[in-house]
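A look at the structure
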Amino acid sequence: FFELTYGRYASQFDAFIITVIIIAGLLVGLQTYPEFSCPLNLSSLDDDRTESRCRRRWGGVTDASSVILGSGGVIDQVVTWIFVFELIAKLLANGLAPWNYWIGKD
């Protein structure tokens, strides 16, 4: 994992992670629109008004754009798992001193 995160492939890995960060920012912006703010699981909503708005808008079934782009959608999940992979890869790359990921090697 060292070669991927800090070694020979570090610049490509960093460029990929920056791209994912930009995609995550765009997703957050899209999810501010009502069309994309309904989660996949309507029962997870705490606010009854939001749940009724989502059920009224989509008839209780989330449409394809919300499944792909919405909160908890496919792209949202992929971005989350990429960030989890980055964290684990960088922790493993630090070997027996994983705290160096947060405090740096200097």
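Residues numbered from 1 in each chain as written. Predicted model: local features only at pLDDT ≥ 70, side-chain atom pairs only at ≥ 80, totals over all residues. Heavy atoms only, no water.

Notes on helix α5 (residues 74-93)
Note the threshold: A run of H or I in DSSP becomes a helix once it reaches four residues, and a run of E becomes a strand once it reaches two; helices and strands are each numbered from the N terminus. To estimate the expected span of a helix, subtract one from its residue number and multiply by 1.5 Å. Throughout, exposure labels follow a simple rule: accessible area from a 1.4 Å probe, protein chains only, divided by the maximum for the residue type, with under 20% read as buried, over 50% as exposed, and the rest as partly exposed. Note: the arc covers the axis-to-C-beta directions of the helix. Contacts are assigned to residue pairs that have any heavy atoms within 4.5 Å of one another.
Here α5 spans 28 Å end to end across 20 residues, near enough to the 28 Å set by a 1.5 Å rise per residue. Buried within α5 we find Val79, Glu86, Ala89, Lys90 and Ala93. Buried positions in α5, seen along its axis, are confined to an arc of 95° and lie on one side of it. The elements touched by buried residues of α5 are α1 (2-5), α2 (10-30) and α6 (100-103). Where α5 ends, the next residue or the one after it, Gly95, has phi of about 60°, a positive value.

A look at the pattern of salt bridges
We apply this condition: Any Lys or Arg side-chain nitrogen found within 4 Å of a carboxyl oxygen on Asp or Glu counts as a salt bridge.
In this structure the tally under the stated criterion is two salt bridges. Close ionic contact of Glu3 with Arg8 constitutes a salt bridge, the shortest N to O distance being 3.5 Å. The exposure class of Glu3 is partly exposed, given its relative accessible area of 37%. With a closest N to O distance of 3.6 Å, Glu86 and Lys90 form a salt bridge. Of this pair, Glu86 and Lys90 both sit in helix α5, separated by four residues, roughly a single helical turn. You can call Glu86 buried: its relative accessible area is 13%. Overall, the relative accessible area of 12% leaves Lys90 in the buried class.

Points about the confidence of the model for the chain
Short version of the rule: Per residue, pLDDT measures the predictor's confidence, with a range of 0 to 100.
On average, the chain scores 75 in pLDDT, and the residues at 70 or more come to 61%. The secondary structure element of the chain with the lowest average pLDDT is helix α3 (residues 48-58), at 56, and the one with the highest is α2, at 90.

What to know about the environment of Leu87
Relative to the helices and strands, Leu87 is located in helix α5. Here Leu87 is in contact with Tyr101 and Trp102, once residues within four sequence places are set aside.

Observations regarding the packing of aromatic side chains
Cut-off, in case you're wondering: Two aromatic rings from Phe, Tyr or Trp, using only the six-membered ring of Trp, form a pair when their centres are within 6.5 Å; if the ring planes differ by under 30 degrees the pair is stacked, by over 60 it is edge-to-face, and anything between is tilted.
What the rule picks out here adds up to one aromatic pair. Where Phe2 meets Tyr6, the ring centres are 5.8 Å apart and the plane angle is 45°; that geometry is what we call tilted. For Phe2, a relative accessible area of 39% puts it in the partly exposed group. With a relative accessible area of 34%, Tyr6 lands in the partly exposed category.

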